[in-house]
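Chains, contacts and geometry: an overview
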Amino acid sequence: PRARPPYQALRDKMACPGALAHAMAAHNPLSAKLAGQAGFDAVWGSGFELSASYAVPDASILSMSTHLEMMRAIAATVEIPVIADIDTGFGNAVNVAFVVPQYEAAGVSAIVMEDKTFPKDTSLRADGRQELVRVAEFQGKIAAACASRRDVGLMIIARTEALIAGLGQQEALMRARAYVEAGADAILIHSKQPAPDEILAFIAAWQGEAPLVLVPTAYPQLTERDIRSLGKVGLVIYGNHAIRAAVGAMREVFAQIRRDGGINQVDRTLPTVKDIIELQGDAAMRVLEQRYLR
Ligand code: SPV
Ligand code: MG
């Protein structure tokens, strides 16, 4: 049994001035385990990554159950907190009130819900359909999320897509403040501008009502050191680097095997089978064998 719920470490780090928590995206328990081994503070249960791993668009195509069951499998595998990307909350405030306890029971430490209409379109695509729900409607969804959690330690992170939708900084700030008022523990402010200017302007104007969360995919030049120096940001999420790494690695190896007409050349460049067996949790299984097989 765990002495402290996993959300506590995330909450503590996000609340600590000068500290910055970091989360790596994962699309399955193995990628989550590798993120933990690399030293990330948390796993980002990315809808984009899971959609990509099913080779479907990140546009509310996968069902809630598919995502929920993956979060359950990840949370059962890793010790670090899991931050679930629940997109728009799979419906209205009533749906959210049923969804949140299920994610909580699956063992996640935080949920991130965005203010787009259902079905959503992915944020980083050029010319995506980006339509937001009314502010009051989303406040209701946040309030429903907060009220339906069994443990108030579960973090409810509200995400505004105002900048992604091209609505400007005033709209983004107004929405972010309204969402904190409705009970959000933190605000994820997303941008797809290739320079961090609009994010930096938002952070400068933010009065620090709640910690901010950034996903710097579009503006990778902003490093953790830069972000820490700004204060106000409690968490940085690397949103799709597990699936991109996997795609790049598989492409390269598959192509080489076709080029070489066999696995003779690639074999020594790959992680060993022994390495994979260890990642599968073989050591723990052998302990069970020793202890209980009679
Ligand atoms: C995700 O990883 O699913 C996200 C981040 O929500 S983004 O793809 O940038 O919208
Ligand atoms: Mg997403």
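Residues numbered from 1 in each chain as written. Chains lettered and ligands numbered in written order. Predicted model: local features only at pLDDT ≥ 70, side-chain atom pairs only at ≥ 80, totals over all residues. Heavy atoms only, no water.

1. Quick notes on the overall build of the protein chain
The criterion, for reference: Runs of E in the DSSP output that reach at least two residues are strands. Runs of H or I that reach at least four are helices, and both are numbered from the N terminus. Taken over C-alpha atoms, the radius of gyration is set against a globule rule of 2.2 Å times the number of residues to the power 0.38. Buried means the residue's accessible area, taken with a 1.4 Å probe over protein chains only, is under 20% of the maximum for its type, while exposed means over 50%, and partly exposed covers the values in between. A contact between two residues is defined here by any heavy atoms of the two lying within 4.5 Å.
Regarding its fold elements, the protein chain presents twelve helices and eight strands. Taking 294 residues into account, the globule formula puts the C-alpha radius of gyration at 19 Å, and the protein chain, at 20 Å, falls close to it. Principal axes of the C-alpha set define a box for the protein chain whose edges measure 60 × 50 × 40 Å. Within the span of the protein chain, comprising 294 residues, buried residues form 47% of the whole. In the protein chain, the proportion of contacts linking residues at least 24 apart, taken out of those at least 6 apart, comes to 70%.

2. Description of the site of ligand 1
Going by this rule: One heavy atom within 4 Å of a molecule or strand makes the whole residue count as near it. Each polar contact in these results corresponds to two N or O atoms within 3.5 Å; when the atoms are within protein, one needs to be able to donate a hydrogen and the other to accept it, and residues that are neighboring in sequence are counted only if both atoms are side-chain atoms. Note that accessible areas follow from Shrake-Rupley with a 1.4 Å probe, and for residues the cover is restricted to the protein chains shown. Each residue gets one of three labels, nonpolar for Ala, Val, Leu, Ile, Met, Phe, Trp, Tyr, Cys and Pro, charged for Asp, Glu, Lys and Arg, and polar for the others, Gly among them.
Around ligand 1 lies a shell formed by W44, S46, G47, F48, D85, S123, L124, R159, H190 and G239. Separating an oxygen atom of ligand 1 from a side-chain N or O atom of D85 is a distance of 2.8 Å. Within the complex, 99% of the 280 Å² of free accessible area of ligand 1 lies under protein. Tallied by class, the residues present in the shell around ligand 1 amount to three nonpolar, five polar and two charged.

3. Some thoughts on the side chain of T217
Looking at where T217 falls in the secondary structure, it is placed in the loop between β7 (212–214) and α9 (224–230). The contacts of T217, once residues within four sequence positions are left out, are L124, G239, N240, H241 and R244.

4. Quick look at the packing of helix α7 (residues 169–181) against helix α8 (residues 197–205)
We count it as follows: The axes are straight lines fitted to the C-alpha atoms, using for helices just the contacting stretch, and the angles between their N-to-C directions are given from 0 to 180°. Roughly parallel covers angles under 35 degrees, roughly antiparallel covers those over 145, roughly perpendicular covers 65 to 115, and oblique covers all other angles. The handedness criterion is simple: a crossing whose near helix is rotated anticlockwise from the far helix by less than a right angle is left-handed, and one whose near helix is rotated clockwise is right-handed.
Put simply, α7 and α8 touch, their axes get as near as 11 Å, and they point 50 degrees apart. Viewed along their axes, α7 and α8 adopt a mutual orientation that is oblique. Judged by the sense of rotation from one axis to the other, the crossing of α7 with α8 is right-handed. Within the contact between the two elements, α7 uses Q169, A172, L173, A176 and R177 and α8 uses A201, F202 and A205. Among the residues making up the contact of α7 with α8, the classes are represented as six nonpolar, one polar and one charged.

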